[in-house]
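Chain residues, written in single-letter form:
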Amino acid sequence: MSVHRCVYLLSRSHIRYRVCASTAAVANNTTLHPTRRTFENVSSRHSSSNSSSRPLDTSLFVPLTVKSDEVADGVVGEELTQPLDKSELLKVLNRFYKRKEMQKLAADQGLDARLFHQVFVSFRKYVLEMNSLNADLHIILSDICCGAGHIDDIFPYFMRHAKQIFPMLDCIDDLRKISDLRVPANWYPEARAIQRKIVFHAGPTNSGKTYHAIQRYLAAKSGVYCGPLKLLAHEIYEKSNDAGVPCDLVTGEERIFVNPEGRPSGHIASTIEMCSVTTPYEVAVIDEIQMIKDPARGWAWTRALLGLCAEEIHVCGEAAAVDFVTELMYTTGEEVEVHNYKRLTPFSVSNHAVESLDNLKPGDCIVCFSKNDIYSISRQIEVRGLECAVIYGSLPPGTKLAQAKKFNDPDDPCKILVATDAIGMGLNLSIRRIIFNSLVKPSVNEKGERELDTISTSQALQIAGRAGRFSSVFKEGEVTTMQRDDLPVLKEILGKPVDPIETAGLHPTAEQIEMFAYHLPQATLSNLIDIFVSLAQVDGLYFVCNIDDFKFLADMIQHIPLNLRSRYVFCTAPINKKQAFVCTSFLKFARQFSRDEPLTFNWVCRHVNWPLAPPKNIKDLVHLEAVHDVLDLYLWLSYRFMDMFPDANLVRDIQKELDGIIQVGVHNITRLIRATEDQSASPATATSVRLPVLDTPSLRRGRGSKNQRKEPRATDSSLSSRLVRDGLLTKELLQQLQREWVREQSQNGDDSNSANKGKRKKK
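Residues numbered from 1 in each chain as written. Predicted model: local features only at pLDDT ≥ 70, side-chain atom pairs only at ≥ 80, totals over all residues. Heavy atoms only, no water.

(A) Structural detail: the overall build of the chain. Scanning the chain for helices and strands turns up 31 helices and 18 strands. Here the analysis covers contacts within the chain between residues at least 6 apart in sequence; of these, 77% occur between residues at least 24 apart. Carbon and sulfur atoms form 52% of the exposed surface of the chain, whose accessible area is close to 36700 Å². (Helix = DSSP H or I, 4+ residues; strand = E, 2+ residues; numbered from the N terminus. Contact = heavy atoms within 4.5 Å. Areas by Shrake-Rupley, 256 points an atom, 1.4 Å probe, with all protein chains shown as cover.)

Have a look at this one:
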């Protein structure tokens, strides 16, 4: 027996060991928040079953490729035993795969059936295709093939291979600790160090709840206002400064310091995502608290509510959120003082639907849930000789304000407003009557799937409450529908109580994702997020916000070389992924950034083809809105990467100019719609925007169950449909014309038959 053989046999006790089901020891504690245990007993009553015992979504685990380089001691294995018979080796491996005991042991180590199969396929390929194996594995396999070893001895090497291709198996406990979101109150030690007073101003729209909170904010030595929209933050910024209280404005795209030297003021008006949770304030105001349940943005309200360092937190929102906020504050040891408010002016539900645009009156607002409906209705209103203002979500803030001012001006001939639910918050409008064109709104469910569904009671009340506001010329409001069949449904919706809020949103932070990346350096950012959400442990008060938009952007720039922190920041940018031009610009920004080449003003101008001409049709207007979003994206990034986006002031100047161009386009929107219709009538313009008719069946649908989710049908381009759509022909006249046509055709047919009979007789 050779010396090498003796050495290997003597050391077999270290190589071949008994297979057991015990898992690896837990690594050093890497919990993000050491004080978390303080409130663990408090929140345990809300905790779901321990996530460590729930099955993992192993479909998220992406296997790595094991390099097939020859190992240093591979030849030694052959020298000590003999070359392996591949056919015999295949039989041995297949027997190992079929052993139930091995599958159970693998499951105890974190390998479910899916992973077990994937690892086996990779392990089998590795063993059969490698020119030489490690000496210890070679000897084990040789012994088994010769009948001198047990097939179970393969298991340690199988698991070693499993952890090579799925490295997360070796650090799963650490990953669970990093993604532990069960007690988010302890993420904010500065807020927990003070005893905060929570005041909830509860009431419907137009009840004065925000007014009372703002009065306390203005009277304080320092304060922060946190709102859901840039328009709301800008409104408080102006009100505060007009009242003689110096106030700065902070949004994702803008910073305005009233102090000429740039020193921060004691008061700040900001969008909710931009509020600081480390700066101390006397008073903080959190507006529209019910948005804490929003599937995409709810995390921002959770962060503000738990983390703001203010002596007084004034929360404004629906009464349906009172119990939930009270329960949430129980986890922080803080009590909630509730002030209830009633609506200042009444509004009523009409007993009659509008049914026709001929029945519109001054002060009416038609609410739609798509831009195409807005285009169509605006055109029909213009055909009737009326003028209307238009407001929808993708318009720049300046354009929205200009349209609102036009509608509110008693000396302006514009007395009708056509808008989406973007009017639900952030604009002061003199509306007498809200008219729902439809009760069906596109939405995204918890799985990220797009669907059509009837609006909720909360949404209906938020929109309907815009009628008859206290500060407007109309002291009483009215709400109704365009279609007669929708009116009883609207009454039913408004008659229901608002669903109570039960959960608050959370979102993984950059620090948590960086810790994940440390353990899984080969994983993509999108995959890291997926694994994080899969492993995340939350109690019954919270949910993890929808991260589909984040993943969409992460996948888009995955091929671009960026460090993880920069990649994460890019992926949190608020962009409209439906706009192809915005997505293309986002990609170009990331690529230029990765090259360490600053995105200068001239570079941006070349990219957006500045200067831009006024729009000639709806397609041009939509493109200008997209360009405005691209400039917004530049400004947003400029506050995160100042060196790489150095020309924010110049970009803001052309954005204001672009806002003016868009305002002119929206002012002449009916002319743009006519131009679009003329183009659509020409076969050469197949790419122009198609506008649906007003009476689209799918838009009138909305009576009842959630199963009625059908996409709108394509526009009927027949002459009769166009005449009805443009108001030149009513349905009744169309039906009468059809009856007369049929009657005439029948008479002509009879006359023709009589004439033919006469001819035959003459013959």
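(B) Looking closely at helix α15 (residues 322-330). Residues of α15 that are buried: Val-322, Phe-324, Val-325, Leu-328 and Met-329. Buried residues of α15, seen end-on, are gathered within an arc of 165° and therefore sit on one face of the element. In this structure, the buried residues of α15 make contact with β1 (197-202), α14 (298-307), β8 (336-340), β17 (504-506) and β18 (542-544). (Buried < 20%, exposed > 50% of the residue type's maximum accessible area, 1.4 Å probe, protein only. Arc of directions from axis to C-beta.)

(C) Here's a closer look at unusual backbone geometry. Looking along the chain, the bond that leaves Trp-610 and enters Pro-611 is cis, with omega of 5°. Within the secondary structure, Pro-611 sits in the loop between α25 (601-608) and α26 (618-638). Positive phi, normally seen in glycine, also occurs at Glu-355, with a value near 70°. Along the chain, Glu-355 turns up in the loop between β9 (347-349) and β10 (364-367). Judged by its relative accessible area of 43%, Glu-355 is partly exposed. Despite not being glycine, Asp-596 has its phi angle at roughly 65°, a positive value. Looking at the element boundaries, Asp-596 is found in the loop between α24 (580-594) and α25. A residue is classified by how much of its surface remains accessible, and Asp-596, at 63% relative accessible area, is exposed.

(D) Expanded view of the sheet that holds β1. Pairing is mixed across the open sheet formed by 8 strands, whose spatial order is β4-β3-β5-β2-β6-β7-β1-β8. The open sheet is flanked by β4 (255-256) and β8, the only strands paired with a single partner. Of the strand pairs in this sheet, strand β2 (residues 223-227) and strand β6 (residues 280-286) are connected by 4 bridges, and their pairing is parallel. Opposite Val-224, over in β6, you have Ala-284 as the bridge partner. Docked against the sheet, helix α12 (residues 209-219) engages β1, β2, β3 (247-250), β5 (267-271), β6 and β7 (309-317), running at close to 160° with respect to β7. (Pairing = 2+ DSSP bridges. Axes fitted to C-alpha atoms, helices over the stretch in contact; angles between N-to-C directions.)

(E) Broad picture of helix α16 (residues 371-383). Spanning 13 residues, α16 covers 19 Å between terminal C-alpha atoms, matching the ideal 18 Å at 1.5 Å per step. Looking one or two places after α16, you find Gly-385, whose phi comes out positive at around 80°. (Expected span 1.5 Å × (residues − 1).)

(F) Layout of the nonpolar core. Judged by nonpolar contacts, the single largest core of 167 residues is most densely connected at Phe-158, Ile-289, Phe-570, Phe-589 and Phe-645. Take this core: its biggest share by element is 12 residues, from α26. Once residues lying within four places of it in the same chain are set aside, the contact partners of Phe-570 are Leu-553, Ile-557, Phe-586, Phe-589, Ala-590, Phe-593, Leu-637, Phe-641 and Phe-645. (Core = buried A, V, L, I, M, F, W, Y, C linked by side-chain atoms within 4.5 Å.)

(G) Geometry of the pairing of strand β13 (residues 433-436). Residues Arg-433 and Ile-435 line one face of β13 and the alternating positions Ile-434 and Phe-436 line the opposite face, and both faces are buried. Pairing geometry for β13 and strand β16 (residues 477-481), over 4 bridges, is parallel. Directly across from Phe-436, in β16, lies its bridge partner Thr-481.

(H) Looking closely at the pattern of salt bridges. Counted according to the given criterion, the structure contains 29 salt bridges. The closest approach of N and O atoms between Arg-160 and Asp-136, which form a salt bridge, is 3.8 Å. Of the two residues, Arg-160 sits in helix α9 (residues 155-165) while Asp-136 sits in helix α8 (residues 135-145), which places them 24 residues apart along the sequence. When the shortest N-O distance is used, the salt bridge between Glu-235 and Lys-239 registers 3.3 Å. With Glu-235 and Lys-239 both in helix α13 (residues 230-242) and 4 residues apart, this pair spans about one turn of that helix. Assessed through its relative accessible area of 45%, Lys-239 is described here as partly exposed. Bridged by salt links that share partners, the residues Asp-364, Arg-432, Arg-433 and Glu-478 form one connected network. (Salt bridge = Lys/Arg side-chain N within 4 Å of Asp/Glu carboxyl O.)

(I) Region of the structure containing the sheet that holds β9. Taken together, the 6 strands give an open sheet; going across it, the order is β9-β16-β13-β10-β12-β11, and neighbouring strands pair in parallel fashion. Two strands bound the open sheet, and with one partner strand each, they are β9 and β11 (388-391). Mean inter-strand twist for the sheet, computed between neighbouring axes without regard to direction, equals 20°. Running over the sheet, α16 touches β10, β11 and β12 (416-419) and is turned about 160° from β12.

(J) Representation of the environment of Leu-90 in the model. Following the sequence through the fold, Leu-90 ends up in helix α5 (residues 86-98). With 38 residues separating them in the primary sequence, Leu-90 and Leu-128 have C-alpha atoms 7.7 Å apart. Sequence-distant contacts of Leu-90, that is, excluding residues within four places in its chain, are made with Arg-124 and Leu-128.

(K) Just the side chain of Lys-400, in detail. With respect to the helices and strands, Lys-400 occurs in helix α17 (residues 397-408). Among residues more than four places away in sequence, those in contact with Lys-400 are Leu-231, Ile-391, Tyr-392, Gly-393 and Leu-395.

(L) Highlighting the confidence of the model for the chain. Mean pLDDT for the chain: 81, with 78% of residues reaching 70 or above. For the chain, per-element mean pLDDT is lowest for helix α29 (residues 697-700), which scores 36, and highest for β6, which scores 97. Confidence over residues 684-717 falls short of pLDDT 50; this stretch has 71 contacts with residues more than four positions distant or in other chains. Counting interchain partners and residues more than four positions distant, the pLDDT-below-50 stretch residues 757-763 has 0 contacts. (pLDDT = per-residue confidence, 0-100.)

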